[in-house]
Amino acid sequence: MYRKSFLSAENHVADIRRFPVLHAYSLYKAGNMADTYEERKGVAVENRRNFLRKAGFQDYKIVRAIPQHGCKIGFVGRRDEGKKIPCDGLITTDPTVALTMCVGDCYPVIVTTPQRVPLMLLHIGAKNAADSFIDTALAGLRQRFGISPDRLIVGIGPGICADCYDVEWIRAQYGMRKDWEPFLWRDANGRKPHCDLR
């Protein structure tokens, strides 16, 4: 079943309306949450804590993915509370666990079922999209849990827009697959190709 929904936003927190699991995306005004730079770690930790509280995650066991722009997925549970796992996807079957990550321009993708189990969070960018990470992740769900794709509910969060995704940059960084051509378009003057990952 395909149903398009839209983000709603309040108090520096956004979510996809009517999505069946608790989830949230931080807005710019919620502050920097990536502790990439040593001198900003204290601020980022506080911003994350405030965001998670405002989003309703204060009673959950928090597990965080640290994106690598690859295709690794970690299977986590409450024993992993507080861990930072270097991967681009997390899966849990524990309803007390909240999966988190900082994505920058890339897309956060949430995958679940009508029963809300399992729950998977993916970090999708040009590199791992080109490496068929989504296909691999969905095939893994089918293999591990016996879930067919038509039973999945998928939420795609905010990410870089096609206007900003210059195909020449992607080609130089990662190469370009032939099957991406339907997602390419040219800017208003017809010269520069762009890519829409959505």
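Please read all numbers here as calculations on a predicted model, not as lab measurements. (Residues numbered from 1 in each chain as written. Predicted model: local features only at pLDDT ≥ 70, side-chain atom pairs only at ≥ 80, totals over all residues. Heavy atoms only, no water.)

Participant: Teacher, can you tell me more about the nonpolar core here?
Facilitator: Considering soluble globular proteins, one finds that nonpolar side chains tend to be buried as a cluster. Counting residues in hydrophobic clusters, the biggest one holds 18 residues, and the most contacted among them are V63, V76, I85, L90, L99 and I110. Secondary structure elements with two or more residues in this core: β2 (13–16), β4 (61–66), β8 (97–101) and β10 (119–124). The leading source of residues in this core is β8, at three residues. Judged by nonpolar contacts, the second largest core, of 14 residues, contains V111, L122, L152 and I160. (Core = buried A, V, L, I, M, F, W, Y, C linked by side-chain atoms within 4.5 Å. Buried < 20%, exposed > 50% of the residue type's maximum accessible area, 1.4 Å probe, protein only. Helix = DSSP H or I, 4+ residues; strand = E, 2+ residues; numbered from the N terminus.)

Participant: Explain the sheet that holds strand β5 (residues 73–75) to me, please; I cannot follow it from the model alone.
Facilitator: Pairing in this open sheet of five strands is mixed, and the strands run β5-β7-β10-β9-β11 from one edge to the other. Whereas interior strands pair on both sides, the edge strands pair on one side only; in this sheet they are β5 and β11 (153–156). On average, adjacent strands in this sheet sit at an angle of 15 degrees to one another, irrespective of strand direction. Two elements, strand β7 (residues 89–92) and β10, share four bridges in a ladder whose sense is antiparallel. (Pairing = 2+ DSSP bridges. Axes fitted to C-alpha atoms, helices over the stretch in contact; angles between N-to-C directions.)

Participant: Help me out: how do you make sense of the pattern of salt bridges in this one?
Facilitator: A side chain of one charge can pair with a side chain of the opposite charge if their charged atoms are brought near each other. Tallied over the full model, the rule gives five salt bridges. In this structure, D94 engages R78 in a salt bridge whose closest nitrogen and oxygen atoms are separated by 2.8 Å. One end of the pair, D94, is in the loop between β7 and β8; the other, R78, is in the loop between β5 and β6 (84–86), with 16 residues separating them in the sequence. Judged by its relative accessible area of 12%, D94 is buried. (Salt bridge = Lys/Arg side-chain N within 4 Å of Asp/Glu carboxyl O.)

Participant: Any chance you could explain the packing of aromatic side chains here in plain terms?
Facilitator: Ring pairs (aromatic) are described by centroid distance and by the angle formed between their planes. Evaluation of the coordinates by the stated rule reveals two aromatic pairs. Relative to Y60, the ring of F57 lies with its centre 5.4 Å away and its plane at 65 degrees, an arrangement referred to as edge-to-face. Judged by its relative accessible area of 9%, F57 falls in the buried class. Judged by its relative accessible area of 28%, Y60 is partly exposed. The ring of F75 carries the charged tip of R144 above its face, separated from the ring centre by 3.8 Å. (Phe/Tyr/Trp six-rings, centres within 6.5 Å; stacked < 30°, edge-to-face > 60°. Lys NZ or Arg CZ within 6 Å of the ring centre and 35° of its normal.)

Participant: Honestly, the confidence of the model for the protein in this entry has me stumped. Any pointers?
Facilitator: Low pLDDT marks stretches whose predicted atomic positions should not be read closely. Taken over all residues, the pLDDT of the protein has a mean of 83, while the share at 70 or more is 76%. Per-element confidence in the protein ranges from a low mean pLDDT of 60 for strand β13 (residues 193–195) to a high of 98 for β7. (pLDDT = per-residue confidence, 0-100.)

Participant: How do you make sense of the environment of E81 when you look at a structure like this?
Facilitator: By secondary structure assignment, the location of E81 is in the loop between β5 and β6. When the C-alpha positions of E81 and L99 are compared, they lie 9.8 Å apart, and in sequence the two are 18 residues distant. Dropping the residues within four chain positions of it, E81 is found in contact with Y60, K61, I62 and V63. (Contact = heavy atoms within 4.5 Å.)

Participant: Before we go on, may I ask you to explain the side chain of R64 in this structure?
Facilitator: On the secondary structure map, R64 appears in strand β4. Here R64 falls in the buried class, since its relative accessible area comes to 10%.

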